[in-house]
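Here's the letter readout for the chains.
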Amino acid sequence: MDLSAFRDPALARDLVASIQKLAPERDTYLMEVCGTHTVAIARGGLASILPDKVHLISGPGCPVCVTANRDIDAIIALARTEGVIITTFGDMMRVPGSTSSLLDERANGHDVRVVYSPLDALDVARKNPDKEVVFAGVGFETTVPLIAVAIKHASDEGLDNFSVYSAHKTVPATLGVLVNDPEVRISAFILPGHVSTIIGKEPYEFLARDYHTPGVITGFEPVDLLQGIAMLLKQLADGRSEIEIAYGRGVRAEGNPTAMTAVNEVFEPCDATWRGIGSIPASGLRIREAYRAFDAERKLAPVPEPTIEPAGCRCGDVLRGVIRSEDCPLFGTTCTPEHPVGPCMVSSEGSCAAHYRYRTA
């Protein structure tokens, strides 16, 4: 592979040489737990320059993708409610629910708007005092602090026509489920950079301590990923299991205490259902009682239609790392970015979308 296009070709060549020297004798499975990592790996063709027995597998790193159909259907039910304006990030618009999507609902005349920040949703609420403005809260720890700030602003202003449907999820808990899943082969984790800027490295320590599974938090440049892979292979070669940071310019060991203080004031842990994985205790975030006036689920009590999973879609198995995107029988035929069947082909961070776009890389 030509490494001259890398930002630092010399460093990239040194890292590739280190990785080749650390080539394991047995099959080794490194799971990347970040949709942005999945895209960067596919775009850069990094899998092609690794030793034959080192396999990269995608995990549940796309927050839109892991959102359960019932939550999608509940948000769609809110969109169909008289007097409600739905605000959401763009990735959510085309995600199929059981029989519809937010894009379909907008085409049918319901008020669904794309915003770039939950603070934009507050502006929509201010300008439409006679409407209930609901922000569809889907995301990991990266996006939750700003949503917490938006709720606090709404509370301070007495903006009683703003609420959030919280389908937020937290990453570490699901990793413990995956390492215990007999169908999933994981030797080590490439841990997410964005999430870790908020939570730091302590929440992952149990993986090394309890399951002897190494992890490295790394960034999103190709050399970041190569460095993370080299560090993981070195740990495995040494027989060590630690959580290390290869992304020091973005992640501190303690994370961002200010952001976590805001999150913990507004949200509390709850059980959450992950697509393809099921219910995981304390892996979700719900709005605390003190801010219940801004909880769309309790405030509006949406009644979703009966959940129907898309026939033949194996997005759940892709999210667990049981199969590759290309192994789904719908991939690239029935299911494409233009006509997606499952959310993994919709989101910009979805594994199927990334592998479809860069499949010739």
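This section reports on the structure supplied with the text. (Residues numbered from 1 in each chain as written. Predicted model: local features only at pLDDT ≥ 70, side-chain atom pairs only at ≥ 80, totals over all residues. Heavy atoms only, no water.)

Now for the side chain of K169. You can see K169 is positioned in strand β7 (residues 168-169). No salt bridge is formed by the buried K169, whose closest oppositely charged neighbour, D71, lies at an N-O distance of 4.2 Å. Discounting residues that sit within four places of it in the chain, K169 has contacts with V66, T67, D71, G139, F140, E141, A272, T273, W274, S283 and G284. (Helix = DSSP H or I, 4+ residues; strand = E, 2+ residues; numbered from the N terminus. Buried < 20%, exposed > 50% of the residue type's maximum accessible area, 1.4 Å probe, protein only. Lys, Arg positive; Asp, Glu negative; His and termini not counted. Salt bridge = Lys/Arg side-chain N within 4 Å of Asp/Glu carboxyl O. Contact = heavy atoms within 4.5 Å.)

Further remarks concern the state of the cysteines. Counted under the stated rule, the structure contains two disulfides. Two residues, C62 and C65, share a disulfide whose sulfurs are 2.4 Å apart. Taking the torsion about the sulfur-sulfur bond, which here is approximately 70°, the covalent link between C62 and C65 counts as right-handed. Residue classification places C65 among the buried positions, given a relative accessible area of 0%. When the cysteines engaged in disulfides are numbered in sequence order, the protein chain pairs them as 1-2, 3-4. No disulfide involves C313; its nearest neighbouring cysteine sulfur is the one of C315, lying 5.0 Å away. Under the relative-accessibility criterion, C313 is labelled partly exposed at 25%. Looking at the unpaired C335, the closest cysteine sulfur is the one in C313, lying at 6.2 Å. (Disulfide = S-S within 2.5 Å.)

Further remarks concern the pattern of salt bridges. Taken as a whole and assessed by the stated rule, the structure comprises 26 salt bridges. Put simply, E105 and R80 hold a salt bridge, and the shortest N to O gap is 3.1 Å. One end of the pair, E105, is in helix α5 (residues 102-107); the other, R80, is in the loop between α4 (69-79) and β3 (84-88), with 25 residues separating them in the sequence. Look at E105 and you get buried, because its relative accessible area is 2%. According to the relative accessible area criterion, R80 is partly exposed, its value standing at 38%. The salt bridge involving E305 is made with R80; its shortest N-O contact spans 4.0 Å. Here E305 is found in the loop between α13 (296-300) and α14 (315-320), whereas its partner R80 is found in the loop between α4 and β3, with 225 residues between them in sequence.

Attention shifts here to the packing of aromatic side chains. This model, assessed by the stated rule, comprises five aromatic pairs. Ring plane angle 80° and centroid distance 6.2 Å describe the contact between F206 and Y211, whose orientation is recorded as edge-to-face. Ring plane angle 85° and centroid distance 5.8 Å describe the contact between F220 and Y247, whose orientation is recorded as edge-to-face. With F220 in the loop between β9 (215-217) and α11 (222-238) and Y247 in the loop between β10 (243-245) and α12 (257-266), this pair connects stretches of sequence that are 27 residues apart. The pair formed by F220 and Y247 is uniform in burial state, with each residue classed as buried. (Phe/Tyr/Trp six-rings, centres within 6.5 Å; stacked < 30°, edge-to-face > 60°.)

Let's shift gears to the sheet that holds β9. Through backbone hydrogen bonds, the strands of a sheet pair up, either in parallel or in antiparallel fashion. Spatially, five strands are ordered β2-β1-β8-β9-β10 in an open sheet, and the strand pairing comes out parallel. Taken across any chain shown, the strands that pair with only one partner, and hence form the sheet edges, are β2 (54-58) and β10. Between one strand and the next, the sheet's axes are offset by a mean angle of 20°, whatever the strand orientation. (Pairing = 2+ DSSP bridges. Axes fitted to C-alpha atoms, helices over the stretch in contact; angles between N-to-C directions.)

Below, the discussion takes up the side chain of H37. You can see H37 is positioned in helix α2 (residues 35-44). Of note is the side chain of H37, whose polar atom sits 2.9 Å from the backbone oxygen of G219. Sequence-distant contacts of H37, defined by excluding residues within four places in its chain, comprise E32, I190, L191, P192, G193, T218, G219, F220 and L225. (Polar contact = N/O pair within 3.5 Å; in protein donor to acceptor, adjacent residues only side chain to side chain.)

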